[in-house]
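Fold and geometry: a report
Chain residues, written in single-letter form:
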Amino acid sequence: MTVGIRVLAVEDDERIRASVKLALEDEGWIVDEAASGEDAIAIFAKHPADVVLIDIMLPGIDGFELCRNIRKSSDVPIVMVTARADTHDVVAGLEAGADDYLTKPFAPKELAARIRALLRRVRPSKPGHSKLLFGNLEIIPDEGKVILNNAEVELTKTEFRLLCELANDPGGVFSRELLLDKVWGYGYFGDGRLVDVHIRRLRMKVETDPANPTHVVTVRGLGYRLQS
Amino acid sequence: MTDIFSDKPDARYRLTRTRKLIRNSVHRLRPRRIGLRNRILLIFVAGALLLSSVLALVTYSFTRSNLVDQRVSTETNQAITNARRTQNDLLRSPKEILIALDQGGSAHRIIYIDNTWTGSSPLFSRQMIPPALLQRVQRDQKAASMIVDSLKGQALVVGIPLPRINAMYFEYDNLREVRDALQSVRLALALAAIITTFVGIALGVFASRRAVRPLANAAQAARAIADGRLETRLEPTDDPDMQALTSAFNDMVTTLQERVERDARFTSDVSHELRSPLMTLAASVQVLESRRDDLPERSQAALDLLSSDVARFQGLVEDLLEISRFDAGAIRLVLEPLSLFEFIKQAVSVSSLPRTEIRCDDIAALVAIRGDKRRMARVIANLLDNARIHSGGKPKIVIQLADDESPPTNVWIVVEDDGDGLIEGEFIKIFERFSRGGAAGRRAGTEGAGLGLALAREHVTLHRGRIWAENRTDGIRGARFIVELPIDTTQTHDEHTHE
């Protein structure tokens, strides 16, 4: 299933790029290289990748800007590479549209695992549930469609999977750890901020009033829940 | 100190001597028992007391002599008038002595006429007339007055010769009004002195506070700097006396800050620069590893060495980076409420000893803490690594409440091993950077760089906890490391807090 994945690696350090390319090609994947954000935009337009790997520290337009730029036209999963896990960079990158992050130096095996998790197909919903209705919000998992107030909503792949996970048990409470496991494939030590930022992004799209969410609601001390 | 070594003044001797000199001078410079503030206060109080007492005394004696003089002259004049009238009365009717003596007023009178003393009152007899006064009036025929001490205090006796009837007239006045007036003055002055002294105390307190304030500020700033707040400075001042201290202090801190920052930046820069080549190394080694079976045996052995040391190198750089972040104060904890027991189980499962036994009683199992998951997991992993490397046996983790307080405030995470234990002097030292325990040979192999416990200490401190090491006291040989963390009592574990 993961054979033939096309990865666009955006990294200004030529040697890192070359070694990551070698390691990912060992997985049987195709790797496009870009040394700058400008190159990346051009290459992505020519050969749309399945996953984009972006180093935040880039000459010219930086990783955040590149993230936002790609997000304008694509729902492709984006993994960003940051220097540190505890800076604002992580949250800023996630808010710019990244789906996951890694800190340098990371093992290519870890990267491959992250990419695989992000590319997992949406779990098929129970038969007879081809359409899920939550008030004015409609989810059609098989077609990858979400409709709010009769208008289709554009979600990234990860946002869509997050929403489908929540929709699998309407009204049920999902802890951060559970969502990290189901959507990102992380264990206990996953970063809860991934969930928080994605929930925030999701609310911007599926809530009529994102400041007062009625569908994706917080359950104090426990996690999140999807309701009508 | 005799100079028996003076013919061979070797460096060590000189050093000891210098040290002694310094110690002695420090000893001499050591402040006396009374502090500066109290000294200033004391000076003010003593000054106020002295000044007000002297002022009161001077005022009193001045007022007294003035009052007495005035009274004496009034009394004397009155006595002369009275004496004259008495003389006239007696000239008219010589037999009516007592009537003649009754000239009104409060004075007591005696007259000596025809060799007889006649008094108007039993309170004044001729024995009370001082001989000197009597002599002066009798012999010199001059009016005179004298202050005498009587049982009731001072009194004035005025003597006047009455030559026309060949008699002597004496008047006695007990000066009560003067005494009463002086009593009031004394009271007023004593009161004034007391008030002045209190004002002095108040001024002293104020002045000593003011005088000491710059010192207190400097001390506070020094403490803040010692605590790592290197941006602390003393407020610039117009006071020329304090300016020297302030600017010297601030210059010192600036220099210190620059040096600390330079050191921290250097470590951080070096580690950052190492990360890119490390990344390339790790990725390339992985590519080689996936082809390990195609390699000749000797190349395989070399690859194994390479990949294990790349991993070690990576760990070291990560540790150095984390340490440099501590030094730069650039750590931001990602705090969230954690169920401690669950957290320890998870942390142990990702450590190098995933099957470590965890003991936790029912109460401790309910404890929650606020922690940075990944950093606290590093603490547990580092403690387990340390136990594994040093004891060789199986360490054990015990979670227990730190005290009997209700509600409990702190919780202990104890990591026990059954190794050789620690020797005296190691308990603190092992938490120092790059320390490798007392005997380097005791460490199995060359694993670890000696940053693990130092990092653990920094992490625990950031979590407002404590960490220390001791030997086991339950009769089994071995060391135990105790991490004390505050219990999270807020029940609203909700949004992640990013600090």
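Residue positions within a chain follow its written sequence, with the count starting from 1. Lettering for chains starts from A, numbering for ligands starts from 1, and both go in the order in which the items are written. Local features are withheld for residues below a pLDDT of 70 in this predicted model, meaning they are given only at 70 or higher, and side-chain atom pairs are given and counted only at 80 or more; totals for whole chains, interfaces and linings count all residues. The side-chain values count all of the structure's non-hydrogen atoms but skip hydrogen atoms and water molecules.

1. Remarks on the overall build of chain A
- We count a stretch as a helix when DSSP gives it H or I for four or more residues in a row; a strand needs E for two or more, and each element gets its number in order from the N terminus. Per the secondary structure count, chain A includes eight helices and twelve strands.
- Note on exposure labels: buried denotes an accessible area under 20% of the residue type's maximum, exposed denotes more than 50%, and partly exposed covers the range between, all computed with a 1.4 Å probe on protein chains only. Counting all 228 residues of chain A, 54% fall into the buried class.

2. Thoughts on the side chain of B:Asn250
All names here are of chain B.
- Looking at where Asn-250 falls in the secondary structure, it is placed in helix H6 (residues 240–289).
- A distance of 2.8 Å separates a polar side-chain atom of Asn-250 from the backbone nitrogen of Leu-234.
- Not counting residues within four places of it along the chain, the set of residues in contact with Asn-250 comprises Arg-233 and Leu-234. Think of a polar contact as two N or O atoms within 3.5 Å of one another; within protein, one of them needs to be a possible hydrogen donor and the other a possible acceptor, and neighboring residues in sequence only count if both atoms come from side chains. When checking whether two residues touch, look at their non-hydrogen atoms; a contact exists if any pair is within 4.5 Å.

3. As for the confidence of the model for chain B
- Looking at chain B as a whole, the pLDDT averages 82, with 89% of positions reaching at least 70.
- Predicted as a complex, the structure gets a pTM of 0.63 and an ipTM equal to 0.83. Per-residue confidence from the predictor is reported as pLDDT, which spans 0 to 100.

4. Here we look at the packing of helix H1 (residues 14–25) of chain A against H6(B)
- Running from amino to carboxyl end, H1(A) crosses H6(B) at an angle of 20°, the nearest separation of the two axes being 8 Å. By the angle between their directions, the pair H1(A) and H6(B) is classed as roughly parallel. In the packing of H1(A) onto H6(B), the handedness of the crossing is left-handed. Where H1(A) abuts H6(B), its residues A:Arg15, A:Ile16, A:Ser19, A:Val20, A:Leu22 and A:Ala23 lie against B:Ser276, B:Met279, B:Thr280, B:Ala283, B:Ser284, B:Gln286 and B:Val287.
- Looking at the contact of H1(A) with H6(B) residue by residue, the class counts come to seven nonpolar, five polar and one charged. The angle between two axes is taken between their N-to-C directions and runs from 0 to 180 degrees, where each axis is a line fitted to C-alpha atoms and a helix contributes only its stretch in contact. Each angle receives one of four descriptions, namely roughly parallel if under 35 degrees, roughly antiparallel if over 145, roughly perpendicular if within 65 to 115, and oblique otherwise. Two helices crossing with the near one rotated counterclockwise from the far one by less than a right angle form a left-handed crossing, whereas a clockwise rotation gives a right-handed crossing. Classes in brief: Ala, Val, Leu, Ile, Met, Phe, Trp, Tyr, Cys and Pro nonpolar; Asp, Glu, Lys and Arg charged; the others, Gly included, polar.

5. Observations regarding the interface of chain B and chain A
- In this assembly, 34 residues from chain B lie in contact with 36 residues from chain A.
- For the pair chain B and chain A, the summed buried surface comes to about 3000 Å²; carbon and sulfur atoms form 53% of the total.
- Once two parts are joined, some of their accessible surface, as seen by a 1.4 Å probe, is lost; buried area is that loss totalled over both. Considering only the side of chain B, the residues that lose the most area to chain A are B:Met279, B:Gln286 and B:Arg374, jointly responsible for 22% of the buried surface there.
- What makes a salt bridge here is a side-chain nitrogen of Lys or Arg within 4 Å of a carboxyl oxygen of Asp or Glu, nothing more. Connecting chain B to chain A are three salt bridges.
- The shortest N-O distance in the salt bridge between A:Asp26 and B:Arg291 comes to 2.7 Å.
- Elements that contribute at least two residues to the side of chain B that touches chain A include exactly H6, helix H7 (297–328), strand S6 (334–339), helix H8 (340–349) and helix H9 (373–391) of chain B.

6. Some words on unusual backbone geometry
- Across the junction of A:Lys104 and A:Pro105, the peptide omega takes the value -5°, indicating a cis bond.
- Structurally, the position occupied by A:Pro105 is in the loop between strand S5 (100–103) and helix H5 (108–119).
- Unusually for a residue other than glycine, B:Asn166 sits at a positive phi of about 55°.
- With respect to the helices and strands, B:Asn166 occurs in the loop between strand S4 (153–162) and strand S5 (167–173).
- Residues other than glycine seldom take positive phi values, yet B:Arg464 does so here, at roughly 60°.

7. A look at empty space enclosed by the protein
Residue and element names in this part refer to chain A.
- Buriedness for pockets is judged along seven lines, at least five of which must meet protein on both sides within 12 Å for an open set on the 1 Å grid over protein atoms alone, while cavities are sets there where a 1.4 Å probe fits but cannot get out, and lining residues have an atom within 4 Å of a point. Grid points are joined across faces, edges and corners, and a volume is the space filled by probe spheres set on the points. Applying the stated criterion across every chain, the model contains two cavities of 30 Å³ or more.
- Approximately 70 Å³ is the volume attributed to the largest cavity.
- Along its surface, the largest cavity is lined by Ala-9, Val-10, Glu-11, Ile-16, Arg-17, Val-20, Leu-53, Asp-55, Val-81, Lys-104 and Phe-106.
- Residue assignment for the lining of the largest cavity shows that the elements contributing at least two residues are strand S1 (6–10), H1 and strand S3 (51–55).
- Grouping the amino acids of the lining of the largest cavity by side-chain chemistry returns seven nonpolar, no polar and four charged.

8. Considerations on the pattern of salt bridges
All names here are of chain A.
- For the structure shown, the criterion picks out 43 salt bridges over all chains.
- Between Lys-104 and Asp-55 there is a salt bridge whose closest N-O contact spans 2.9 Å. One end of the pair, Lys-104, is in the loop between S5 and H5; the other, Asp-55, is in strand S3, with 49 residues separating them in the sequence. With respect to burial, Lys-104 and Asp-55 carry one shared label: buried.
- Here Asp-100 and Arg-114 are joined by a salt bridge, their closest N and O atoms 2.8 Å apart.

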